[in-house]
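Structure assessment
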Amino acid sequence: MIELADKNMIQENLEIKNPANPDLQKTIYVNQPTLPELDDFLPLLKDIWQSKKLTNFGKFHKQLEYELAKFLGVEYISLFSNGTLALIAALQVLKIKGEVITTPYSFVATTHALKWNGITPVFCDIEPKTYNLNPNKIEKLLTDKTTAIVPVHIYGNPCDVESLQEISDIYGLKLIYDAAHSFGVKLNNESILNFGDLSILSFHATKIFNTFEGGAVISHDEKTKKRIDYLKNFGFANETTVIAPGINAKMNEMQAAIGLLQLKDVEKNILKRKKIAELYRSAFKNIEGISFLNDVENVHHNYGYFPIFVDKRKYGIGRDELYYKLKKNNIFARRYFYPLISRFQPYRGLESATPENLPVATKIAEQVITIPIYADLEINDVERIIEIIKKK
Ligand SMILES: *Cc1c(COP(=O)(O)O)cnc(C)c1O
(Lines give C-alpha, C1' and ligand atoms only; values in the text may rest on other atoms or scores of the structure.)
Protein backbone atom coordinates (compact mmCIF):
# COMPACT_ATOMS: atom_id res chain seq x y z
CA MET A 1 0.00 0.00 0.00
CA ILE A 2 2.77 2.41 0.93
CA GLU A 3 4.68 1.57 -2.22
CA LEU A 4 1.61 2.30 -4.30
CA ALA A 5 1.01 5.63 -2.60
CA ASP A 6 4.62 6.60 -3.30
CA LYS A 7 4.24 5.72 -6.96
CA ASN A 8 1.21 7.95 -7.26
CA MET A 9 3.08 10.77 -5.66
CA ILE A 10 5.93 10.40 -8.15
CA GLN A 11 3.44 10.48 -11.00
CA GLU A 12 1.95 13.65 -9.56
CA ASN A 13 5.38 15.21 -9.25
CA LEU A 14 6.08 14.77 -12.92
CA GLU A 15 3.14 16.98 -13.69
CA ILE A 16 4.15 19.88 -11.47
CA LYS A 17 5.46 22.75 -13.54
CA ASN A 18 6.81 26.08 -12.49
CA PRO A 19 8.08 28.02 -15.50
CA ALA A 20 9.06 31.01 -13.35
CA ASN A 21 11.71 28.95 -11.61
CA PRO A 22 13.05 26.16 -13.81
CA ASP A 23 15.48 25.14 -11.08
CA LEU A 24 12.54 24.03 -8.96
CA GLN A 25 12.16 21.05 -11.24
CA LYS A 26 15.61 19.72 -10.57
CA THR A 27 15.19 16.37 -8.91
CA ILE A 28 17.31 15.73 -5.87
CA TYR A 29 17.59 12.32 -4.30
CA VAL A 30 18.62 11.57 -0.75
CA ASN A 31 21.92 10.35 -2.05
CA GLN A 32 24.11 10.39 -5.13
CA PRO A 33 27.12 8.11 -5.39
CA THR A 34 30.56 9.54 -5.95
CA LEU A 35 32.51 8.07 -8.84
CA PRO A 36 36.16 8.29 -9.87
CA GLU A 37 37.13 9.69 -13.27
CA LEU A 38 36.26 7.13 -15.93
CA ASP A 39 39.64 7.81 -17.58
CA ASP A 40 41.37 6.69 -14.41
CA PHE A 41 39.43 3.43 -14.41
CA LEU A 42 40.26 2.43 -17.97
CA PRO A 43 43.94 1.54 -17.39
CA LEU A 44 42.92 -0.67 -14.48
CA LEU A 45 40.36 -2.39 -16.69
CA LYS A 46 43.05 -2.93 -19.33
CA ASP A 47 45.20 -4.53 -16.69
CA ILE A 48 42.39 -6.91 -15.77
CA TRP A 49 41.80 -7.75 -19.42
CA GLN A 50 45.47 -8.50 -19.93
CA SER A 51 45.96 -10.59 -16.81
CA LYS A 52 42.64 -12.44 -17.22
CA LYS A 53 42.50 -12.45 -13.44
CA LEU A 54 38.90 -11.49 -12.76
CA THR A 55 38.37 -12.64 -9.19
CA ASN A 56 39.59 -15.09 -6.49
CA PHE A 57 41.97 -12.94 -4.43
CA GLY A 58 43.56 -11.09 -7.35
CA LYS A 59 46.03 -8.25 -7.40
CA PHE A 60 43.53 -5.41 -6.93
CA HIS A 61 41.73 -7.35 -4.22
CA LYS A 62 45.00 -7.72 -2.30
CA GLN A 63 45.96 -4.13 -2.84
CA LEU A 64 42.58 -2.82 -1.73
CA GLU A 65 42.72 -4.88 1.47
CA TYR A 66 46.13 -3.40 2.18
CA GLU A 67 45.11 0.18 1.40
CA LEU A 68 41.84 -0.04 3.31
CA ALA A 69 43.48 -1.48 6.42
CA LYS A 70 45.92 1.42 6.36
CA PHE A 71 43.29 4.06 5.65
CA LEU A 72 40.82 2.82 8.23
CA GLY A 73 43.39 2.04 10.91
CA VAL A 74 42.47 -1.63 11.30
CA GLU A 75 44.63 -4.72 11.23
CA TYR A 76 42.65 -7.35 9.31
CA ILE A 77 40.06 -6.79 6.63
CA SER A 78 38.38 -9.28 4.30
CA LEU A 79 36.62 -7.93 1.24
CA PHE A 80 33.15 -9.16 0.28
CA SER A 81 30.80 -8.85 -2.68
CA ASN A 82 28.37 -6.92 -0.46
CA GLY A 83 27.72 -5.98 3.15
CA THR A 84 24.84 -8.38 3.73
CA LEU A 85 26.97 -11.40 2.85
CA ALA A 86 29.74 -9.97 5.01
CA LEU A 87 27.36 -9.94 7.99
CA ILE A 88 26.01 -13.41 7.22
CA ALA A 89 29.58 -14.74 7.06
CA ALA A 90 30.67 -12.87 10.22
CA LEU A 91 27.90 -14.64 12.15
CA GLN A 92 28.98 -17.98 10.64
CA VAL A 93 32.63 -17.59 11.50
CA LEU A 94 31.81 -17.09 15.17
CA LYS A 95 29.23 -19.91 15.01
CA ILE A 96 26.47 -17.69 16.36
CA LYS A 97 23.22 -19.57 17.07
CA GLY A 98 20.07 -19.33 19.15
CA GLU A 99 19.01 -15.78 20.01
CA VAL A 100 20.80 -12.53 19.24
CA ILE A 101 20.05 -9.11 20.70
CA THR A 102 19.75 -6.48 17.96
CA THR A 103 18.21 -3.13 17.08
CA PRO A 104 14.97 -2.68 15.15
CA TYR A 105 16.11 0.80 14.07
CA SER A 106 18.30 -0.10 11.10
CA PHE A 107 18.24 -1.22 7.51
CA VAL A 108 16.43 -4.55 7.20
CA ALA A 109 19.61 -6.44 6.19
CA THR A 110 20.84 -6.36 9.80
CA THR A 111 18.03 -8.66 10.92
CA HIS A 112 17.84 -10.64 7.67
CA ALA A 113 21.47 -11.73 8.17
CA LEU A 114 20.45 -13.23 11.53
CA LYS A 115 17.47 -14.97 10.00
CA TRP A 116 19.60 -16.44 7.19
CA ASN A 117 21.71 -18.05 9.90
CA GLY A 118 18.66 -19.58 11.56
CA ILE A 119 19.07 -17.18 14.48
CA THR A 120 16.08 -15.67 16.32
CA PRO A 121 16.44 -11.89 16.47
CA VAL A 122 15.53 -10.32 19.80
CA PHE A 123 14.76 -6.64 19.38
CA CYS A 124 16.05 -4.25 22.02
CA ASP A 125 15.05 -0.59 22.25
CA ILE A 126 17.36 2.29 21.31
CA GLU A 127 18.82 5.19 23.26
CA PRO A 128 16.99 8.50 23.08
CA LYS A 129 20.20 10.39 22.26
CA THR A 130 22.05 8.43 19.58
CA TYR A 131 19.25 6.08 18.46
CA ASN A 132 21.70 3.20 18.91
CA LEU A 133 21.00 -0.01 20.83
CA ASN A 134 20.42 0.86 24.50
CA PRO A 135 22.84 -1.19 26.67
CA ASN A 136 20.63 -0.65 29.74
CA LYS A 137 17.79 -2.55 28.13
CA ILE A 138 19.72 -5.63 27.07
CA GLU A 139 19.89 -7.58 30.32
CA LYS A 140 16.17 -8.14 30.67
CA LEU A 141 16.06 -9.66 27.18
CA LEU A 142 18.79 -12.27 27.78
CA THR A 143 17.87 -15.96 27.97
CA ASP A 144 19.91 -19.16 28.07
CA LYS A 145 19.73 -19.13 24.27
CA THR A 146 21.35 -15.72 23.82
CA THR A 147 24.77 -15.99 22.14
CA ALA A 148 25.58 -12.54 20.77
CA ILE A 149 24.74 -8.87 20.38
CA VAL A 150 24.52 -7.27 16.93
CA PRO A 151 24.32 -3.49 17.31
CA VAL A 152 24.47 -0.93 14.50
CA HIS A 153 26.37 2.38 14.61
CA ILE A 154 23.36 4.07 13.11
CA TYR A 155 24.08 7.02 10.78
CA GLY A 156 27.73 6.38 11.67
CA ASN A 157 27.27 7.56 15.27
CA PRO A 158 29.26 5.28 17.57
CA CYS A 159 27.34 2.97 19.88
CA ASP A 160 28.14 2.96 23.58
CA VAL A 161 30.96 0.54 22.82
CA GLU A 162 32.23 0.33 26.40
CA SER A 163 28.92 -0.68 27.95
CA LEU A 164 28.22 -3.13 25.15
CA GLN A 165 31.63 -4.75 25.63
CA GLU A 166 31.05 -4.95 29.38
CA ILE A 167 27.72 -6.74 28.98
CA SER A 168 29.22 -9.09 26.38
CA ASP A 169 32.12 -9.91 28.69
CA ILE A 170 29.96 -10.50 31.76
CA TYR A 171 27.52 -12.79 29.96
CA GLY A 172 30.01 -14.42 27.60
CA LEU A 173 28.36 -13.08 24.46
CA LYS A 174 29.94 -12.30 21.11
CA LEU A 175 29.72 -8.72 19.88
CA ILE A 176 29.41 -8.14 16.14
CA TYR A 177 28.90 -4.60 14.87
CA ASP A 178 26.98 -3.77 11.75
CA ALA A 179 29.19 -0.81 10.85
CA ALA A 180 27.70 -0.37 7.38
CA HIS A 181 27.30 3.37 8.04
CA SER A 182 30.62 3.86 9.77
CA PHE A 183 33.32 3.99 7.11
CA GLY A 184 36.12 6.22 8.42
CA VAL A 185 34.44 6.94 11.75
CA LYS A 186 36.82 7.28 14.69
CA LEU A 187 36.28 7.44 18.42
CA ASN A 188 39.11 9.09 20.38
CA ASN A 189 41.26 8.74 17.26
CA GLU A 190 40.67 4.99 17.15
CA SER A 191 38.76 3.34 14.31
CA ILE A 192 35.25 2.43 15.46
CA LEU A 193 35.84 -0.85 13.59
CA ASN A 194 38.32 -1.99 16.23
CA PHE A 195 35.62 -2.54 18.84
CA GLY A 196 33.79 -5.80 19.42
CA ASP A 197 34.73 -9.20 18.03
CA LEU A 198 33.98 -8.35 14.40
CA SER A 199 32.58 -5.44 12.39
CA ILE A 200 31.14 -5.37 8.92
CA LEU A 201 31.16 -2.60 6.34
CA SER A 202 29.04 -2.03 3.24
CA PHE A 203 30.46 -0.49 0.08
CA HIS A 204 27.07 -0.23 -1.61
CA ALA A 205 26.51 2.64 -4.03
CA THR A 206 24.67 4.62 -1.36
CA LYS A 207 27.43 4.43 1.22
CA ILE A 208 30.31 6.83 2.01
CA PHE A 209 32.79 4.66 0.14
CA ASN A 210 31.44 2.53 -2.67
CA THR A 211 32.68 -0.22 -4.98
CA PHE A 212 29.24 -0.25 -6.74
CA GLU A 213 28.40 -3.19 -4.49
CA GLY A 214 30.78 -4.46 -1.88
CA GLY A 215 31.49 -5.02 1.77
CA ALA A 216 34.04 -6.20 4.30
CA VAL A 217 34.54 -7.97 7.60
CA ILE A 218 37.05 -6.47 10.03
CA SER A 219 38.68 -8.94 12.38
CA HIS A 220 41.39 -8.61 15.01
CA ASP A 221 43.60 -11.67 14.57
CA GLU A 222 45.15 -13.52 11.68
CA LYS A 223 43.43 -16.85 12.31
CA THR A 224 39.98 -15.31 12.25
CA LYS A 225 40.82 -13.37 9.10
CA LYS A 226 41.91 -16.63 7.49
CA ARG A 227 38.69 -18.40 8.43
CA ILE A 228 36.64 -15.52 7.07
CA ASP A 229 38.57 -15.73 3.80
CA TYR A 230 37.88 -19.47 3.60
CA LEU A 231 34.19 -18.98 4.29
CA LYS A 232 33.72 -16.39 1.56
CA ASN A 233 35.29 -18.84 -0.92
CA PHE A 234 33.07 -21.92 -0.39
CA GLY A 235 35.03 -22.93 2.71
CA PHE A 236 38.17 -23.86 0.78
CA ALA A 237 41.32 -23.70 2.93
CA ASN A 238 43.33 -25.15 0.05
CA GLU A 239 42.69 -27.14 -3.10
CA THR A 240 41.54 -30.26 -1.28
CA THR A 241 40.30 -29.03 2.10
CA VAL A 242 36.87 -27.57 2.82
CA ILE A 243 36.59 -26.45 6.44
CA ALA A 244 32.92 -25.45 6.56
CA PRO A 245 29.87 -25.02 4.34
CA GLY A 246 31.16 -21.75 2.94
CA ILE A 247 29.52 -19.38 0.52
CA ASN A 248 30.62 -17.44 -2.52
CA ALA A 249 30.90 -13.85 -1.36
CA LYS A 250 34.19 -12.73 -2.86
CA MET A 251 34.80 -9.23 -4.15
CA ASN A 252 35.84 -9.29 -7.80
CA GLU A 253 38.71 -7.43 -9.43
CA MET A 254 36.57 -4.73 -11.05
CA GLN A 255 35.03 -3.83 -7.70
CA ALA A 256 38.46 -3.78 -6.05
CA ALA A 257 39.91 -1.59 -8.80
CA ILE A 258 37.08 0.91 -8.40
CA GLY A 259 37.66 0.85 -4.66
CA LEU A 260 41.32 1.78 -5.07
CA LEU A 261 40.30 4.86 -7.07
CA GLN A 262 37.46 5.82 -4.71
CA LEU A 263 39.73 5.75 -1.70
CA LYS A 264 41.67 8.75 -2.94
CA ASP A 265 38.72 11.10 -2.57
CA VAL A 266 37.02 9.81 0.56
CA GLU A 267 38.35 12.39 3.00
CA LYS A 268 37.70 15.23 0.59
CA ASN A 269 34.14 14.01 0.11
CA ILE A 270 33.56 13.69 3.84
CA LEU A 271 34.63 17.33 4.26
CA LYS A 272 32.15 18.40 1.58
CA ARG A 273 29.41 16.50 3.40
CA LYS A 274 30.43 18.09 6.68
CA LYS A 275 29.94 21.55 5.19
CA ILE A 276 26.41 20.61 4.11
CA ALA A 277 25.62 19.18 7.57
CA GLU A 278 26.77 22.47 9.11
CA LEU A 279 24.50 24.46 6.80
CA TYR A 280 21.54 22.28 7.72
CA ARG A 281 22.25 22.52 11.42
CA SER A 282 22.58 26.27 11.51
CA ALA A 283 19.34 26.62 9.54
CA PHE A 284 17.31 24.14 11.59
CA LYS A 285 18.42 25.10 15.06
CA ASN A 286 15.84 27.88 15.12
CA ILE A 287 12.96 25.88 13.68
CA GLU A 288 10.66 24.70 16.43
CA GLY A 289 9.77 21.04 16.12
CA ILE A 290 12.71 20.05 13.90
CA SER A 291 15.57 18.33 15.68
CA PHE A 292 18.72 16.70 14.38
CA LEU A 293 21.83 14.88 15.58
CA ASN A 294 24.83 16.93 16.59
CA ASP A 295 28.45 15.94 16.36
CA VAL A 296 29.66 13.95 19.34
CA GLU A 297 32.80 15.02 21.17
CA ASN A 298 35.92 13.00 20.31
CA VAL A 299 34.24 11.46 17.28
CA HIS A 300 35.48 11.83 13.71
CA HIS A 301 32.16 11.68 11.83
CA ASN A 302 31.57 10.79 8.18
CA TYR A 303 28.27 12.67 7.59
CA GLY A 304 26.80 9.79 5.64
CA TYR A 305 23.22 10.73 6.54
CA PHE A 306 21.38 13.78 7.73
CA PRO A 307 18.27 12.67 9.62
CA ILE A 308 15.83 15.25 10.94
CA PHE A 309 13.06 14.48 13.42
CA VAL A 310 9.68 16.16 13.09
CA ASP A 311 7.64 16.87 16.21
CA LYS A 312 4.18 17.45 14.76
CA ARG A 313 2.87 19.30 17.81
CA LYS A 314 5.64 21.88 17.71
CA TYR A 315 6.35 22.02 13.98
CA GLY A 316 2.72 22.25 12.95
CA ILE A 317 2.70 19.57 10.27
CA GLY A 318 3.62 15.92 10.65
CA ARG A 319 6.56 13.95 9.32
CA ASP A 320 4.69 12.42 6.40
CA GLU A 321 3.23 15.78 5.39
CA LEU A 322 6.72 17.25 5.23
CA TYR A 323 8.00 14.18 3.40
CA TYR A 324 5.34 14.52 0.67
CA LYS A 325 5.80 18.26 0.52
CA LEU A 326 9.47 17.72 -0.23
CA LYS A 327 8.48 15.20 -2.90
CA LYS A 328 6.13 17.70 -4.50
CA ASN A 329 9.15 19.94 -4.83
CA ASN A 330 11.16 17.13 -6.39
CA ILE A 331 13.20 16.54 -3.27
CA PHE A 332 13.24 12.81 -2.72
CA ALA A 333 14.08 12.43 0.95
CA ARG A 334 13.72 9.03 2.62
CA ARG A 335 12.31 7.85 5.91
CA TYR A 336 15.35 5.93 7.15
CA PHE A 337 14.44 3.99 9.26
CA TYR A 338 10.72 3.61 8.94
CA PRO A 339 9.02 1.21 9.31
CA LEU A 340 11.04 -0.41 12.08
CA ILE A 341 12.43 -3.81 11.10
CA SER A 342 10.26 -5.27 13.86
CA ARG A 343 7.14 -4.14 11.92
CA PHE A 344 7.98 -6.12 8.78
CA GLN A 345 6.04 -9.30 8.16
CA PRO A 346 8.86 -11.78 8.83
CA TYR A 347 9.49 -10.31 12.28
CA ARG A 348 6.33 -8.71 13.62
CA GLY A 349 5.13 -11.91 15.27
CA LEU A 350 8.18 -12.04 17.56
CA GLU A 351 7.64 -11.46 21.25
CA SER A 352 10.25 -8.67 21.26
CA ALA A 353 8.70 -6.89 18.27
CA THR A 354 5.93 -5.09 20.17
CA PRO A 355 5.85 -1.26 20.40
CA GLU A 356 5.66 -1.68 24.19
CA ASN A 357 9.12 -3.27 24.14
CA LEU A 358 10.42 -0.61 21.74
CA PRO A 359 8.96 2.77 22.81
CA VAL A 360 11.89 4.99 21.76
CA ALA A 361 12.44 3.25 18.42
CA THR A 362 8.70 3.36 17.71
CA LYS A 363 8.55 7.11 18.34
CA ILE A 364 11.72 7.96 16.38
CA ALA A 365 10.67 5.88 13.37
CA GLU A 366 7.48 7.98 13.21
CA GLN A 367 9.43 11.26 13.22
CA VAL A 368 12.42 10.67 10.98
CA ILE A 369 13.22 11.97 7.52
CA THR A 370 16.73 11.66 6.11
CA ILE A 371 17.25 14.62 3.84
CA PRO A 372 19.69 14.76 0.91
CA ILE A 373 23.39 14.87 1.70
CA TYR A 374 26.20 13.90 -0.65
CA ALA A 375 29.54 15.30 -1.69
CA ASP A 376 28.33 16.86 -4.94
CA LEU A 377 25.12 18.34 -3.58
CA GLU A 378 25.20 22.00 -4.60
CA ILE A 379 24.85 24.72 -2.01
CA ASN A 380 21.91 26.37 -3.78
CA ASP A 381 20.11 23.02 -3.67
CA VAL A 382 20.85 22.74 0.03
CA GLU A 383 19.34 26.21 0.44
CA ARG A 384 16.29 25.18 -1.57
CA ILE A 385 15.74 22.21 0.74
CA ILE A 386 16.17 24.42 3.80
CA GLU A 387 13.61 26.92 2.46
CA ILE A 388 10.99 24.20 1.96
CA ILE A 389 11.49 22.95 5.50
CA LYS A 390 11.45 26.48 6.95
CA LYS A 391 8.15 27.42 5.29
CA LYS A 392 5.33 25.34 6.66
C1 LIG B 1 23.58 -0.91 3.54
C2 LIG B 1 23.41 -1.65 4.81
C3 LIG B 1 23.59 -3.03 4.90
C4 LIG B 1 23.71 -3.93 3.70
O5 LIG B 1 24.78 -3.68 2.92
P6 LIG B 1 24.76 -4.15 1.38
O7 LIG B 1 26.16 -3.88 0.97
O8 LIG B 1 23.77 -3.29 0.68
O9 LIG B 1 24.41 -5.58 1.34
C10 LIG B 1 23.54 -3.63 6.14
N11 LIG B 1 23.27 -2.92 7.25
C12 LIG B 1 23.04 -1.59 7.19
C13 LIG B 1 22.77 -0.86 8.46
C14 LIG B 1 23.07 -0.92 5.97
O15 LIG B 1 22.80 0.38 5.92
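Residues numbered from 1 in each chain as written. Predicted model: local features only at pLDDT ≥ 70, side-chain atom pairs only at ≥ 80, totals over all residues. Heavy atoms only, no water.

1. Notes on the pairing of strand 3 (residues 99–102)
Judged by which residues are buried, strand 3 turns out to be covered on both faces: Glu 99 and Ile 101 on one side and Val 100 and Thr 102 on the other are all buried. Note that strand 3 and strand 4 (residues 120–123) share 4 bridges and pair parallel. By the bridge assignment, Glu 99 is partnered in strand 4 with Thr 120. When strand 3 meets strand 5 (residues 146–150), the two strands line up parallel, connected through 4 bridges. In the strand pairing of strand 5, Glu 99 is matched with Thr 146. (Buried < 20%, exposed > 50% of the residue type's maximum accessible area, 1.4 Å probe, protein only. Helix = DSSP H or I, 4+ residues; strand = E, 2+ residues; numbered from the N terminus. Pairing = 2+ DSSP bridges.)

2. Structural notes on the pattern of salt bridges
All told, the structure shown has 16 salt bridges when counted by the stated rule. Two residues, Arg 319 and Asp 320, come together in a salt bridge whose shortest N-O distance is 2.6 Å. Take Arg 319: its relative accessible area is 4%, and that puts it in the buried class. Residue classification places Asp 320 among the partly exposed residues on the basis of a relative accessible area of 30%. A network of salt bridges, in which partner residues are shared, links Lys 26, Glu 378, Asp 381 and Arg 384. (Salt bridge = Lys/Arg side-chain N within 4 Å of Asp/Glu carboxyl O.)

3. A short note on the site of the ligand
Of all residues adjacent to the ligand, which total 15 residues, the nearest are Thr 84, Asp 178, His 181, Ser 202 and Lys 207. Contacts to the ligand include Thr 84, whose side-chain N or O atom sits 2.6 Å from an oxygen atom. Here an oxygen atom of the ligand sits 2.7 Å away from a polar atom, N or O, in the side chain of Ser 202. When the ligand sits alone it has 380 Å² of accessible area, and the protein chains cover 93% of it. A majority-of-atoms criterion places the ligand in the largest pocket. For the shell around the ligand, the secondary structure elements donating two or more residues are helix 4 (83–93) and helix 5 (109–115). A per-class count over the shell around the ligand returns 4 nonpolar, 9 polar and 2 charged. (Near = heavy atom within 4 Å. Polar contact = N/O pair within 3.5 Å; in protein donor to acceptor, adjacent residues only side chain to side chain. Areas by Shrake-Rupley, 256 points an atom, 1.4 Å probe, with all protein chains shown as cover. 1 Å grid on protein atoms, 1.4 Å probe; cavity = no way out; pocket = protein on both sides within 12 Å on 5 of 7 lines; lining within 4 Å. Sits in = over half its atoms within 2 Å of the grid points. Nonpolar A, V, L, I, M, F, W, Y, C, P; charged D, E, K, R; others polar.)

4. Things to note about the domain arrangement of the protein
Under the domain assignment used here, the protein contains domain 1 (4–32 + 264–391) and domain 2 (38–261). Taken together, the contact pairs 38 residues of domain 1 with 42 residues of domain 2. A combined buried area of about 3,300 Å² lies between domain 1 and domain 2, and 65% of that area is made up of carbon and sulfur atoms. Three residues, Phe 337, Ile 341 and Tyr 347, lead the burial of domain 1 against domain 2; their summed loss comes to 21% of the area buried on that side. Counting every contact that joins domain 1 to domain 2 gives 0 salt bridges. In this assembly, domain 1 and domain 2 are joined by 14 residue pairs in polar contact (both at pLDDT 80 or more). Those elements giving two or more residues to the side of domain 1 that touches domain 2 turn out to be helix 9 (266–284), strand 14 (299–300), strand 15 (306–310), helix 12 (359–367) and strand 17 (368–371). (Domains from an automatic or database assignment. Contact = heavy atoms within 4.5 Å. Buried area = accessible area lost by both parts, 1.4 Å probe.)

5. A short note on helix 3 (residues 59–72)
For helix 3, spanning 14 residues, the distance from its first C-alpha to its last is 20 Å, which sits close to the expected 20 Å at 1.5 Å a residue. Taken together, the buried positions of helix 3 are occupied by Phe 60, His 61, Leu 64, Glu 65, Leu 68, Ala 69 and Leu 72. On an axial view of helix 3, the arc spanned by its buried residues comes to 165°, and they lie on one face. Facing away from the buried side of helix 3 by over 90 degrees, the exposed positions are Lys 62, Tyr 66 and Lys 70. In this fold, the buried residues of helix 3 make contact with helix 2 (38–51), strand 2 (76–80), strand 8 (190–191), strand 9 (198–202), helix 7 (222–231) and helix 8 (253–263). Looking at the residues trailing helix 3, positive phi occurs at Gly 73, about 75°. (Expected span 1.5 Å × (residues − 1). Arc of directions from axis to C-beta.)

6. As for the nonpolar core
Counting residues in hydrophobic clusters, the biggest one holds 79 residues, and the most contacted among them are Leu 68, Phe 183, Tyr 280, Phe 284, Leu 322, Ile 371 and Ile 389. Sorting elements by how many residues they give to this core places helix 9 first, with 7 residues. Two domains each donate at least three residues to this core, and these are domain 1 (4–32 + 264–391) and domain 2 (38–261). Residues in contact with Ile 389, not counting those within four places in the same chain, are Phe 284, Ile 287, Ile 290, Ile 308, Tyr 315, Leu 322, Leu 326 and Ile 371. Within the second largest apolar cluster, 24 residues are counted, among which are Ala 86, Ala 89, Ile 96 and Ile 176. (Core = buried A, V, L, I, M, F, W, Y, C linked by side-chain atoms within 4.5 Å.)

7. As for the confidence of the model for the protein
Of the residues in the protein, 94% reach a pLDDT of 70 or more, and the chain-wide mean stands at 94. The model gives residues 1–19 a pLDDT under 50, and that stretch makes 22 contacts with residues more than four places away or in other chains. (pLDDT = per-residue confidence, 0-100.)

8. Focus on the pairing of strand 10 (residues 215–219)
Extensive coverage of strand 10 is indicated by the burial of 5 of its 5 residues. Side chains of strand 10 alternate between two faces, with Gly 215, Val 217 and Ser 219 and Ala 216 and Ile 218 buried alike. Strand direction decides the pairing type here: strand 2 and strand 10, joined by 5 bridges, are antiparallel. Residue pairing in the sheet places Leu 79 in a bridge with Ala 216 of strand 10. In terms of strand pairing, strand 9 meets strand 10 through 4 bridges, oriented antiparallel. Residue pairing across strands places Ser 202 opposite Gly 215, the latter belonging to strand 10.

9. What about empty space enclosed by the protein?
Over the atoms rolls a probe the size of a water molecule, and its path tells where empty space is left. Applying the stated criterion across every chain yields a total of 4 cavities of 30 Å³ or more. Of the volumes computed, that of the largest cavity is approximately 140 Å³. Around the largest cavity, the lining comprises 15 residues; the ones closest to its centre are Tyr 155, Asn 157, Arg 281, Tyr 303 and Tyr 305. Listing elements by their share of the lining of the largest cavity, those giving two or more residues are helix 9 and strand 15. (Points joined across faces, edges and corners; volume = space filled by probe spheres on them.)

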